[in-house]
Amino acid sequence: MTATESTVDGRRPVRRALIGVSDKAGVVELGTALHAAGVRIVSTGNTARALAEAGVPVTPVEELTGFPESFGGRVKTLHPKVHAGLLADLNDPEHVDQLRTLDIAPFDLLVVNLYPFTATVASGASPTDCVEQIDIGGPAMVRAAAKNHANVAVVVDPARYDWVAEQVKAGGFTFADRRALAVDAFRHTATYDIAVASWMGSVLAPESGTVFPAWVGASWQRANVLRYGENPHQGAALYLADHGRPGLATARQLHGKEMSYNNYVDADAAWRAAHDHDSPCVAIIKHANPCGIAISTVAEPSAIEDAHRKAHACDPVSAFGGVIAANREVTVAMAEQVAEVFTEVVVAPSYADGALDVLVRRKNVRILVAEPPVRRGAEIRPVSGGLLMQTVDAVDAPGDDPDNWKLACGEPVDEATLADLVFAWRAVRAVKSNAILLAHDGATVGAGMGQVNRVDAARLAVTRAGDRASGAVAASDAYFPFSDGLEVLLAAGVRAVVQPGGSVRDAEVIAAAETAGVPLYLTGTRHFAH
């Protein structure tokens, strides 16, 4: 076919197609549709057999090349009669003459999807098995066809097969179609190469003494363009990580207005905070800080509404317009409580029968279903000209286990007080530093967050708690550099304190607690959240 056979919009008919797919889903139906449209099909290995068994006429690639599939399938399409047919520019007379001289027919369509390398790695397969799933011929063909998109349409996504069949039947692909398919193809091979390079670097050539590789690659697919960013003058969009795991970004929205940038930020903070606790927990977040976090020990299914009631009671004023996350199914009773207060977002693993009917009374509330966050691996934060990477701060360090805490002064606390200290220690991780959190009966009663010194954080926590500070326990996300911050808490009447310790003035801080007769526990672990 020559350039003169294109229509005004660049539509080129499909007369000859090459198909070689790892994922066979839908390929027989596509082959059937292509054959019905008069397309001659060349295919590889198992794909050719699947098409032939379904009655679709097909030319095996080895018949085209005159060279058998070899080396366990490693060599089958790496041949001039394949790549010349994909790369020849039909708008160039010299290329057309060479095709004629070499007796090579061009391809108009390539359908390929690659070996399941990522799935093989995720399955825990051996390095040898993973290496065998590194596709060579597939990416080579995809890149060749994508480069030559002026002449060839390349399809890498099985979800497009119905559309492909429609375009072929309608007379072929327009130039705009082929260009868009080429973009998808290069993104596809780039993502694939990143996965292979990342795995090779971490598994086959790990750097001694570090979990951070010398090279990091990643790719993201845009999932949605948001109305605006953190402020109305900023643009924003949501991207899903091709290399990532389930979490808030992959949540399914059941009801309400579209999620905003700030909704996502707050919902992620709430979702993570709720899953810092094993007991039924509700976290209410606003501007990425907790208005209230609470757990419950009452019998299921009443526990989750009990946790919500306690979390809301911490700061009902700030909870207005907040984001609510529950680590258990939302019951009708909890939904009734939530529906009484204006709420931006509710996110949970599931909703009991009837709960959604209650929540949607607030027509604008965004209701999400999400899978629990994965609390391992690395997280990144951009900085000017680069990025920072760190392991995820899960509440699983040795110092997070109360059995490893050191009682610096005072008598060991009773079981109920220790439970409150454990809750406070896990909950303070969700508070921006500098952070002080007061808790009682498995619920926050006051929080001081985001302060530039620990004294102000303590004062803010006590002020928010009011009379509830007396008899509460306190947690500090980092050590007290001086005794003054602790003295604010002692004066308010806290009954026990947990903090990391490690200050050069620990002795001064411990002496203040000892003088007040308040037990002070040291964890040896810090949970900053900047």
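Since this is a predicted model, take the numbers as computed values, not measurements.

Description of the packing of aromatic side chains
- Across all of its chains, the model carries 5 aromatic pairs by this definition.
- With a centroid separation of 5.3 Å and an interplanar angle of 50°, the aromatic rings of F320 and F342 are classed as tilted. Linking F320 in the loop between α13 (316-319) and β11 (322-326) with F342 in the loop between α14 (332-339) and β12 (343-348), this pair joins segments that are 22 residues apart in sequence.
- A residue is classified by how much of its surface remains accessible, and F320, at 48% relative accessible area, is partly exposed.
- Assessed through its relative accessible area of 30%, F342 is described here as partly exposed.
- Members of the aromatic cluster, each reached through a chain of ring pairs, are F117, Y192 and W199.

Overview of the nonpolar core
- One finds L248, I293, V347, L421, L437 and V498 to be the most contacted residues of the largest nonpolar core, which totals 42 residues.
- Not counting residues within four places of it along the chain, the set of residues in contact with V347 comprises L248, W271, I324, A325, A326, L368 and A370.
- Counting 28 residues, the second largest nonpolar core, distinct from the first, contains A461, L486, V497 and I510.

Things to note about the pattern of salt bridges
- As enumerated under the stated definition, the model contains 13 salt bridges in all.
- Taking the shortest distance from any N to any O, the salt bridge between R464 and D315 comes out at 2.9 Å. Of this pair, R464 sits in helix α17 (residues 454-465) while D315 sits in the loop between α12 (303-314) and α13, and the two are 149 residues apart along the sequence.
- We classify R464 as partly exposed; its relative accessible area is 37%.

A word on the pairing of strand β4 (residues 109-113)
- Most of β4 sits inside the fold, with 5 of its 5 residues counted as buried.
- Covered by surrounding structure in β4 are L109, V111 and N113 together with L110 and V112, the residues of both alternating faces.
- The sheet contact formed by strand β1 (residues 16-21) and β4 spans 5 bridges and is parallel. Bridge assignment links I19 to a residue of β4, and that residue is V111.
- Across 3 bridges, the pairing between β4 and strand β5 (residues 153-155) is parallel. Among the inter-strand pairings, L110 is bridged to a residue of β5, identified as V154.

Definitions and cut-offs
- Residues numbered from 1 in each chain as written.
- Predicted model: local features only at pLDDT ≥ 70, side-chain atom pairs only at ≥ 80, totals over all residues.
- Heavy atoms only, no water.
- Phe/Tyr/Trp six-rings, centres within 6.5 Å; stacked < 30°, edge-to-face > 60°.
- Helix = DSSP H or I, 4+ residues; strand = E, 2+ residues; numbered from the N terminus.
- Buried < 20%, exposed > 50% of the residue type's maximum accessible area, 1.4 Å probe, protein only.
- Core = buried A, V, L, I, M, F, W, Y, C linked by side-chain atoms within 4.5 Å.
- Contact = heavy atoms within 4.5 Å.
- Salt bridge = Lys/Arg side-chain N within 4 Å of Asp/Glu carboxyl O.
- Pairing = 2+ DSSP bridges.

Keep in mind that these numbers describe shape and distance, not what the molecule does.
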